[in-house]
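Here are the chains, one letter per residue:
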Amino acid sequence: MSAASCLLTEDQFLCSICLDVFTDPVTTPCGHNFCKTCITQHWDINVPFQCPNCKKIFSTRPELQVNTFISEVAAQFRQSAQQKASSSSSSEQQAAKPGEVPCDVCTGTKLKALKSCLVCLDSYCETHLEPHLTRSGLKRHQLIDPVENLEGRMCTKHDKLLELFCKTDQMCVCMLCTVLDHKTHDVVPLKEEYEGKNAELGKIEAEIQQMIQKRRLKIQEMKHSVGLSKEDADREIADGVQVFTALKESVERSQAELIDTIKEKQRKTEKQAEGFIKELEQEISELKKRSTEVEQLLLSEDHLNLLQSFTSLNAAPPTKDWTEVSVCSPSYDGTVRRAVNQLEETLSKQMKKLFEAELKRVQQSAVDVTLDPDTAHPELILSDDGKQVKHGDVKKNLPDNPERFDYCACVLAKQSFSSGRFYYEVQVKGKSKWTLGVARESINRKGNITASPQNGYWLIWLRNENEYKAFADPSVHLSLKSQPEKVGVFVDYEEGLVSFYDVDAAALIYSFTGCSFTEKLFPYFGPCTNYDGKNSAPLIISPVNHTE
């Protein structure tokens with residue numbers, strides 16, 4: 001028997017109910033072995049009578065007899081376990097480290113627990129575990145790897161081990177719970193539910209990892225965007241410094257030229273005065289000389305000499321008539337104005353270059369826009385490709401859906417935008433009246449409309465061929481140097497900016513700034529009524545030809 005048992009393992013002589021070496025082992029009709037007490041208590045609770053291992057159901061409660069052969073082999077294993085416990089008890093044991101389960105029996109230094117008992121609800125070190133391995137009453141207790149909070153593994157109502165799971169109530173239950181409180185519920189072993197939940201947790205973990213990865217990619221994307229933003233900012237600063245340096249130099253140059261012009265006029269005046277003064281001083285010198293000769297002659301008593309000299313002294317010395325001669329201060333009228341005008345011309349050229357660069361940048365945000373017939377006023381005529389709209393005098397019989405304008409002759413685009421930047425261009429050539437811009441999704445589309453940012457409209461219009469206006473709060477009359485034939489509309493959603501450009505002149509018409517957008521924005525087109533053919537030309541959404 002001893003030689004044969006050496007070929008067997010201890011697991012083959014463990015009761016699957018108490019997980020200990022068999023005590024009074026019995027064999028069920030289906031061939032599985034259990035402690036007599038364990039299977040008896042199991043069948044006392046569970047009806048019908050079922051094998052805990054293979055789940056075979058017996059119509060009547062089987063009569064069980066102790067299997068003497070298995071009992072003898074189990075006794076040998078029990079004796080071997082006692083010897084092993086005895087020999088190992090003398091070996092050195094370690095104190096429980098942080099994170100390890102300590103022995104509940106140890107006093108003073110708590111040693112590391114080797115097992116936890118689900119009956120005693122205590123954890124034991126190697127020494128204090130020995131009674132559970134040697135005493136018959138304790139050997140039937142269920143031992144598991146050491147865990148904390150053993151009380152949490154017991155049913156608080158029946159003081160039994162929580163070894164089942166009620167899927168109906170989604171809670172762990174004991175054997176008595178299935179007979180009393182959860183009799184008709186869907187109850188499965190903890191292991192089965194564990195495997196299912198473990199699989200779910202695996203999926204959750206995969207989803208979490210996927211979410212983490214997406215957020216890491218988003219962080220990289222944001223860092224990349226910040227990097228690009230910094231490059232744009234550095235480039236813009238460099239361009240700005242260059243422009244303002246050029247402007248500063250231009251102002252300083254204009255100032256120097258103005259000062260030189262004024263000083264040159266002053267120098268000419270001074271030079272003219274110096275010439276006159278020199279000439280006058282020469283005449284004074286000649287007159288003084290003549291005066292001296294006359295004085296000498298007056299003092300002379302030589303009658304002959306006086307009469308002979310009188311003729312030459314009587315004649316006036318050669319002098320200039322200075323009556324009408326004067327030195328006038330130069331006129332500086334218009335000098336500063338002309339200098340400022342010249343500077344303004346220089347600034348205008350520089351501004352044009354800036355607007356050309358700005359227009360080139362915003363054109364990079366060009367989007368494809370088409371008109372939405374479901375929003376068009378019934379008197380508007382849309383082209384088949386959705387790129388043109390004009391007013392027709394006949395009102396079509398169309399459904400009065402909530403999206404459609406029923407009073408104002410306008411139409412929205414199919415496309416909407418709720419982030420980023422977008423740009424499109426509209427040809428207005430040949431029209432005497434039009435309205436363009438963007439509008440938020442929730443605008444009122446019925447009846448007369450008061451266009452303003454407060455009401456969800458950011459628009460500019462042309463009336464009476466040369467009267468331009470921006471519908472701000474209050475409205476702003478616009479003074480344009482030329483009539484635009486193609487208008488560019490640019491929106492920066494996050495920046496709260498709506499800008500309108502004269503594309504051909506590369507000039508800014510008007511900008512709404514500091515806007516707060518919280519909804520989708522739709523491009524807005526108002527061709528206005530045709531006024532007996534005077535305004536019959538269509539608004540045309542044009543492809544964007546990027547400015548060179």
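That block above? That's the structure.
Here the structure is a predicted model, which is why all the values come from computation and not from measurement.

Conventions adopted
- Residues numbered from 1 in each chain as written.
- Predicted model: local features only at pLDDT ≥ 70, side-chain atom pairs only at ≥ 80, totals over all residues.
- Heavy atoms only, no water.
- Pairing = 2+ DSSP bridges.
- Helix = DSSP H or I, 4+ residues; strand = E, 2+ residues; numbered from the N terminus.
- 1 Å grid on protein atoms, 1.4 Å probe; cavity = no way out; pocket = protein on both sides within 12 Å on 5 of 7 lines; lining within 4 Å.
- Points joined across faces, edges and corners; volume = space filled by probe spheres on them.
- Nonpolar A, V, L, I, M, F, W, Y, C, P; charged D, E, K, R; others polar.
- Buried < 20%, exposed > 50% of the residue type's maximum accessible area, 1.4 Å probe, protein only.
- Contact = heavy atoms within 4.5 Å.
- Axes fitted to C-alpha atoms, helices over the stretch in contact; angles between N-to-C directions.
- Parallel < 35°, antiparallel > 145°, perpendicular 65-115°, else oblique.
- Left-handed = near helix turned anticlockwise from the far one by under 90°.
- Core = buried A, V, L, I, M, F, W, Y, C linked by side-chain atoms within 4.5 Å.
- Polar contact = N/O pair within 3.5 Å; in protein donor to acceptor, adjacent residues only side chain to side chain.
- Phe/Tyr/Trp six-rings, centres within 6.5 Å; stacked < 30°, edge-to-face > 60°.
- Lys NZ or Arg CZ within 6 Å of the ring centre and 35° of its normal.

**Q** Describe the sheet that holds strand β18 (residues 476-478), listing the residues and the values that go with them.
**A** Across the sheet, six strands lie side by side as β13-β22-β15-β16-β17-β18; this open sheet has antiparallel pairing. Of all the strands in the sheet, the pair left with one neighbour each is β13 (411-412) and β18. Two strands pair when backbone bridges link them, and strand β16 (residues 457-463) and strand β17 (residues 467-470) are joined in this way by four bridges, in the antiparallel orientation. Within the sheet, the bridge partner assigned to isoleucine 460 lies in β17 and is alanine 470.

**Q** Describe the layout of surface pockets, naming the residues involved and giving the relevant values.
**A** One number sums up the size of the largest pocket: a volume of about 2,000 Å³. What lines the largest pocket is a set of 47 residues, and nearest its centre among them are Ile17, His42, Leu161, Glu163 and Met175. At five residues, helix α2 (residues 36-45) tops the list of elements feeding residues into the lining of the largest pocket. Residue classes in the lining of the largest pocket are distributed as 26 nonpolar, 13 polar and eight charged. One number sums up the size of the second largest pocket: a volume of about 980 Å³.

**Q** Describe the pairing of β16, and please don't skip the residues or the numbers.
**A** Within a regular strand, side chains alternate between the sheet's two faces. Within β16, seven of the seven residues are buried, leaving the element largely enclosed by the surrounding structure. The two faces of β16 match: Tyr457, Leu459, Trp461 and Arg463 on one face and Trp458, Ile460 and Leu462 on the other face are all buried. Across six bridges, the pairing between strand β15 (residues 434-440) and β16 is antiparallel. Directly across from leucine 436, in β16, lies its bridge partner isoleucine 460. Linkage of β16 to β17, two consecutive antiparallel strands, is achieved through a turn of three residues, within which asparagine 464 is found at a positive phi near 55 degrees.

**Q** Account for the side chain of asparagine 401, naming residues and giving values.
**A** On the secondary structure map, asparagine 401 appears in the loop between β12 (388-391) and β13. On the basis of relative accessible area, asparagine 401 is assigned to the buried category, the value being 16%. The residues contacting asparagine 401, other than those within four sequence positions of it, are Asp374 and Lys446.

**Q** For the packing of helix α7 (residues 190-299) against helix α9 (residues 335-362), give the residues involved together with the corresponding values.
**A** Contact geometry of α7 with α9 gives a least axis separation of 9 Å together with a crossing angle of 165 degrees. Taken together, the axes of α7 and α9 are roughly antiparallel relative to one another. In the crossing of α7 with α9, the sense of the turn from one axis to the other is right-handed. The segment α7 lies against α9, with Glu236, Val243, Leu247, Ser250, Val251, Ser254, Glu257, Leu258, Thr261, Ile262 and Lys265 engaging Thr335, Val336, Ala339, Gln342, Leu343, Thr346, Leu347, Gln350, Leu354 and Arg361.

**Q** Lay out the sheet that holds strand β21 (residues 507-512) in plain terms, naming residues and giving numbers.
**A** With antiparallel pairing, seven strands are arranged side by side in an open sheet as β11-β12-β23-β14-β19-β20-β21. Of all the strands in the sheet, just β11 (380-382) and β21 have a single pairing partner and so form its edges. Strand-to-strand twist across the sheet, computed as the mean angle between neighbouring axes with direction ignored, equals 20 degrees. Packed on one face of the sheet, α9 meets β14 (421-427), β19 (486-492), β20 (497-502) and β21 and runs near 120 degrees to β20.

**Q** Pulling in residues and values, what's your account of the nonpolar core?
**A** In this structure, Trp434, Phe512 and Phe525 are the most contacted members of the largest nonpolar core, which totals 38 residues. Each residue touching tryptophan 434, except ones within four places of it in the same chain, is listed here: Val428, Ile460, Trp461, Leu462, Arg463, Tyr468, Val487, Gly526, Cys528 and Leu539. If you look at the next biggest cluster of nonpolar residues, it comprises 19 residues, including Cys15, Cys38, Ile39 and Val73.

**Q** So what's going on with the environment of aspartate 532? Which residues, and what values?
**A** Among the secondary structure elements, aspartate 532 is positioned in the loop between β22 (521-526) and β23 (539-542). A relative accessible area of 79% places aspartate 532 in the exposed class. On a C-alpha basis, the gap between aspartate 532 and threonine 40 in space is 105 Å, while along the polypeptide they are 492 residues apart.

**Q** An account of the packing of α7 against helix α8 (residues 303-314) is requested, with residue identities and associated values reported.
**A** When two helices pack together, their arrangement is given by the angle between the helix axes and by the axis-to-axis distance. Put simply, α7 and α8 touch, their axes get as near as 11 Å, and they point 160 degrees apart. Classified by the interaxial angle, the pair formed by α7 and α8 is roughly antiparallel. Crossing of α7 against α8: the hand is left-handed. Across from Arg290, Glu293 and Leu297 in α7, the residues of α8 making contact are Asn305, Leu306, Ser309, Ser312 and Leu313.

**Q** Requested: an account of the environment of arginine 421, with residues and values cited.
**A** With respect to the secondary-structure elements, arginine 421 resides in strand β14. The exposure class assigned to arginine 421 is exposed, which follows from its relative accessible area of 54%. Taking the C-alpha atoms as reference, arginine 421 lies 85 Å from glutamate 63; in sequence the two are 358 residues apart. Leaving out residues up to four positions away in the same chain, arginine 421 has contacts with Ser365, Phe490, Val491 and Asp492. Within the local environment of arginine 421, its side chain forms a polar contact with the side chain of aspartate 492, the two groups lying 3.1 Å apart.

**Q** Just give me the short version of the packing of aromatic side chains, but keep the residues and values in it.
**A** Overall, the coordinates contain 13 aromatic pairs when judged by the stated rule. Between the aromatic rings of phenylalanine 405 and tyrosine 524, the centroid separation amounts to 6.2 Å while the plane-to-plane angle is 85 degrees, which identifies the pairing as edge-to-face. Linking phenylalanine 405 in the loop between β12 and β13 with tyrosine 524 in strand β22, this pair joins segments that are 119 residues apart in sequence. Assigned by exposure class, phenylalanine 405 and tyrosine 524 land together as buried. Centre to centre, the rings of tyrosine 493 and phenylalanine 517 are 5.4 Å apart; their planes meet at 45 degrees, and the pair counts as tilted. Of this pair, tyrosine 493 sits in the loop between β19 and β20 while phenylalanine 517 sits in the loop between β21 and β22, and the two are 24 residues apart along the sequence. Residue classification places phenylalanine 517 among the buried residues on the basis of a relative accessible area of 10%. Taken together, Trp43, Phe49 and Phe58 form an aromatic cluster joined through their ring pairs. Between the NZ or CZ atom of lysine 320 and the centre of the ring of tryptophan 322, over which it lies, the distance is 4.7 Å.

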